[in-house]
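The primary structure of each chain is shown beneath.
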Amino acid sequence: HSMGLGKTLTVIAFLHTALTRAKNAKGKDYVQFHTGREPHAVRPSTALILVPKAVHTQWQSEFDRWLGADSGVAVTALSPGSGQVLPQLRRWRQDGGALIVTHNHFLQLLSPPRACKHAVSFTEAKAVA
């Protein structure tokens, strides 16, 4: 796990390929077939990237650096405390792309609402899905 070996670039290249290029023999996105069955409603492909807090903003910068703005992959870095968590989650699910979230923020989102002011209730999470 040494620095400078290209781990982040490898993940970015894989996600770009999986989200924009990988198709099966019928021309359908591989990402859409995670259950082995064709989905009823085809949604844009999504990827969730869980990262340590120390490198959260760096991941957004690396996506911008290696893919650029016209890559076909929308990248959103979810920021705790922004007040826009649920709208960002909905937009990510609707538009597709990659969502970068810290480990702790992800766990907070899954916590019961009483434990965390940013928690997403089961009903809200179901609405995003």
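In the block above lies the structure referred to throughout.
Residues numbered from 1 in each chain as written. Predicted model: local features only at pLDDT ≥ 70, side-chain atom pairs only at ≥ 80, totals over all residues. Heavy atoms only, no water.

Asker: Can you walk me through the nonpolar core in this structure?
Answerer: Note that soluble globular proteins tend to have their nonpolar side chains buried in a common cluster. Counting residues in each nonpolar core, the largest one holds 14 residues, and the members touching the most others are Ile-49, Trp-59, Phe-63, Val-75, Ala-98 and Ile-100. Taken together, the elements giving at least two residues each to this core come down to helix H1 (7-20), strand E1 (46-51), helix H2 (56-67), strand E2 (75-77) and strand E3 (97-102). Filtering out sequence-adjacent residues up to four positions away, Trp-59 remains in contact with Thr-8, Val-11, Ile-12, Ile-49, Val-51 and Ile-100. Counting residues in hydrophobic clusters, the runner-up holds seven residues, among them Leu-89, Trp-92, Val-101 and Leu-109. (Core = buried A, V, L, I, M, F, W, Y, C linked by side-chain atoms within 4.5 Å. Buried < 20%, exposed > 50% of the residue type's maximum accessible area, 1.4 Å probe, protein only. Helix = DSSP H or I, 4+ residues; strand = E, 2+ residues; numbered from the N terminus. Contact = heavy atoms within 4.5 Å.)

Asker: It is not clear to me how the side chain of Thr-102 should be interpreted in this structure. Could you clarify?
Answerer: As for its position among the elements, Thr-102 is in strand E3. In this structure Thr-102 comes out as buried when scored by relative accessible area, which is 8%. Excluding residues within four positions of it along the chain, Thr-102 makes contact with Leu-50, Val-51, Lys-53 and His-56.

Asker: Would you mind showing me how to read the packing of aromatic side chains here?
Answerer: Each aromatic ring pair is described using two quantities: the centre-to-centre distance and the angle formed by the ring planes. Inspection of every chain in the model, using the stated rule, returns one aromatic pair. Taking 6.3 Å as the distance between ring centres and 45 degrees as the angle between the ring planes, the aromatic pair formed by Trp-59 and Phe-63 counts as tilted. Here the residue Trp-59 and the residue Phe-63 both occupy positions in helix H2, the gap between them amounting to four residues, near one helical turn. Residue classification places Trp-59 among the buried residues on the basis of a relative accessible area of 12%. Since its relative accessible area comes to 2%, Phe-63 is described here as buried. (Phe/Tyr/Trp six-rings, centres within 6.5 Å; stacked < 30°, edge-to-face > 60°.)

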